[in-house]
Amino acid sequence: MKIGILGTGHIGTTLVRKLSAAGHDVRVANSRGPDTIDADILANGARAVTAADAVADVDVVILSTPLGAIPKIAPLFASVGTGTVVIDTSNYYPKRDGEIAAIEAGQTESEWVAEQLGRPIAKAWNAITSASFAQRGVPAGTAGRIAIPVAADGKRERDVAMKLVDETGLDAVHSGPLSESWRQQPGAPCYCTDLTCEEMADALAATERARLPKRRDLAIEAIMERVGDSTTNPDSDYAVRLTRALFM
Ligand SMILES: NC(=O)c1ccc[n+]([C@@H]2O[C@H](COP(=O)([O-])OP(=O)(O)OC[C@H]3O[C@@H](n4cnc5c(N)ncnc54)[C@H](OP(=O)(O)O)[C@@H]3O)[C@@H](O)[C@H]2O)c1
């Protein structure tokens, strides 16, 4: 498939590497321009382009930017055909993204993103830490393979997202429509806890919505205390120990 990826940060970098290694025609953009993209992530054949070129004439667009950047990105989609599947990896962190009234009032993050873009999306890869994603993907069928939830309303978005998740070394579990995707938001039992496919259904069912924001903020406080800033991600072992203790 022709895949455009917006964002070359913690998650976008691994998406570029894995999806180009899987044989897809990947083009990638950040906010600053193609010249600023590290050649190292293009080693499997991906191309650095502008954000406008990343979304033009592709089968799939993957958004891997801060959620707060989505309104700035939305105008790019004015000329993107309805045949292009959009998959969003983002999570809402109010200290990073600014307070968003609709999400604070109960709209799911993915519904808000779909509304900003004016089109359907799938939500995937949001519930795995960048370290686990980069280091712990394994081929399908491997015992203990990590599973992640994929939320989508449409069959096409769901099927494409689940296929690509599998190609990045993870089991994909359909978690339901976007309206239920609070079950995979920060603070949820399945969020960054590296569960298997067998464990995912119970984790989704056990999610207590009202507790998510407080748990999310506790995790961020603990991570910042440990790593000392808001941009470094913790190592996989620490992140999973922390999220399991707080969210499950
Ligand atoms: N970090 C994790 O462990 C993790 C795990 C799962 C999901 N997520 C979610 O996935 C998303 C990305 O996270 P991340 O940690 O990879 O973020 P990150 O390291 O901060 O990288 C963000 C990327 O988005 C790009 N970007 C920002 N605004 C843009 C715009 N208007 N147009 C094009 N590109 C733009 C940035 O470009 P520049 O490079 O030019 O600044 C950067 O490459 C976030 O919503 C996050 O919550 C993160």
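Refer to the structure printed above.
Every chain begins its residue count from 1, and numbering advances along the sequence as written. Given that the model is predicted, a residue must reach a pLDDT of at least 70 before its local features are reported, and side-chain atom pairs must reach 80 or more before they are shown or counted; all residues, however, enter totals for whole chains, interfaces and linings. Side-chain descriptors were evaluated using all non-hydrogen atoms of the structure, hydrogens and water having been removed beforehand.

Engineer: I tried to follow the overall build of the chain on my own but got confused; where do I start?
Structural biologist: Helix and strand definitions here come from DSSP, where helices need a minimum of 4 consecutive H or I residues and strands a minimum of 2 consecutive E residues; each element is numbered from the N-terminal end. Secondary structure assignment for the chain yields eleven helices and eight strands. For the chain, the spread of C-alpha atoms along the three principal axes comes to 40 × 40 × 40 Å. Note on exposure labels: buried denotes an accessible area under 20% of the residue type's maximum, exposed denotes more than 50%, and partly exposed covers the range between, all computed with a 1.4 Å probe on protein chains only. For the chain, with 248 residues in total, the buried portion stands at 53%. In what follows, a contact means two residues having at least one pair of non-hydrogen atoms within 4.5 Å. Nonlocal contacts in the chain, meaning residues at least 24 apart in sequence, comprise 69% of its contacts between residues at least 6 apart. Computed with a 1.4 Å probe, the accessible areas rest on the Shrake-Rupley method; for each residue, only the protein chains presented here act as cover. Per element, the accessible surface of the chain, about 10800 Å² overall, is 52% carbon and sulfur. The chain carries 26 positive and 32 negative side-chain charges, and their two centres are separated by 1 Å. A positive count includes Lys and Arg, and a negative count includes Asp and Glu. His and the chain ends are not counted in either. Charged groups are reduced to one reference atom each: NZ for lysine, CZ for arginine, CG for aspartic acid, CD for glutamic acid.

Engineer: Whenever I open this one, the site of the ligand confuses me. Can you help?
Structural biologist: For each residue, the test is whether any non-hydrogen atom lies within 4 Å of the molecule or strand; if one does, the residue is near. Among the 24 residues in the neighbourhood of the ligand, the closest are listed as Thr8, Ile11, Ser31, Arg32 and Asn233. Polar contact criterion, stated in full: a pair of N or O atoms within 3.5 Å, where within protein one must be able to donate a hydrogen and the other to accept it, and residues adjacent in sequence count only if both atoms are side-chain atoms. Contact between the ligand and histidine 10: an oxygen atom at 2.9 Å from a main-chain N or O atom of the residue. Taking threonine 89, its side chain carries an N or O atom lying 3.1 Å from an oxygen atom of the ligand. Look at the ligand: alone it shows 900 Å² of surface, and the protein chains cover 81% of it. A 1.4 Å probe that fits but cannot get out identifies a cavity on a 1 Å grid over protein atoms alone, an open set with protein on both sides within 12 Å along at least five of seven lines counts as a pocket, and a residue lines either if it has an atom within 4 Å of a point. For a molecule to be placed in a cavity or pocket, more than half of its atoms must lie within 2 Å of the grid points of that cavity or pocket. Judged by the fraction of its atoms near the pocket grid, the ligand is located in the largest pocket.

Engineer: Help me out: how do you make sense of the pattern of salt bridges in this one?
Structural biologist: Two side chains of opposite charge can pair, provided their charged atoms sit close to one another. By salt bridge we mean one thing: a side-chain nitrogen of Lys or Arg within 4 Å of a carboxyl oxygen of Asp or Glu. Following the criterion strictly, the structure yields 16 salt bridges and no others. Note that glutamate 109 is salt-bridged to lysine 123, the shortest N-O span being 3.3 Å. Here lysine 123 lies in strand 6 (residues 122-123) and glutamate 109 lies in helix 6 (residues 109-117), a separation of 14 residues in the sequence. The two residues glutamate 109 and lysine 123 agree in class, both being buried. A salt bridge links aspartate 166 to arginine 145, with the shortest nitrogen-to-oxygen separation between them at 2.7 Å. Of the two residues, aspartate 166 is situated in helix 8 (residues 155-167) and arginine 145 in the loop between helix 7 (130-135) and strand 7 (147-152); the sequence distance between them amounts to 21 residues. For arginine 145, a relative accessible area of 3% gives the class buried. Connected via shared salt-bridge partners are Arg136, Asp194 and Asp237.

Engineer: Which parts of the structure should I look at to understand the pairing of strand 8 (residues 171-176)?
Structural biologist: Moving residue by residue along a regular strand, the side chains alternate between the two faces of the sheet. Counting buried residues in strand 8 gives five out of six residues, a clear majority hidden from the surface. Two strands pair under a simple rule: DSSP has to find at least two bridges between them. Both strand 7 and strand 8 contribute to a ladder of five bridges, which runs parallel. Across the sheet, alanine 151 pairs through a bridge with glycine 176, a residue of strand 8. Crossovers are marked right-handed if the path from the first strand over the helix to the second runs clockwise, as seen with the strands pointing away from the viewer. With respect to chirality, the unit in which strand 7 leads through helix 8 into the neighbouring parallel strand 8 is right-handed.

Engineer: Could you clarify how one ought to interpret the packing of aromatic side chains in this entry?
Structural biologist: Given two aromatic rings, one states the distance between the centres and the angle between the planes to describe the pair. The rule is short: rings of Phe, Tyr and Trp, with Trp giving its six-membered ring, pair when the centres are within 6.5 Å, and they are stacked under 30 degrees, edge-to-face over 60, tilted in between. Under the defined criterion, the tally for this structure stands at one aromatic pair. On the numbers, 6.2 Å between centres and 50° between planes, the contact of tyrosine 191 with phenylalanine 247 is tilted. In this pair, tyrosine 191 sits in the loop between strand 8 and helix 9 (197-205) while phenylalanine 247 sits in helix 11 (residues 236-247), placing the two residues 56 residues apart along the sequence. As far as burial versus exposure is concerned, tyrosine 191 and phenylalanine 247 are alike and both buried.

Treat this as a map of the structure, not an account of what it does.
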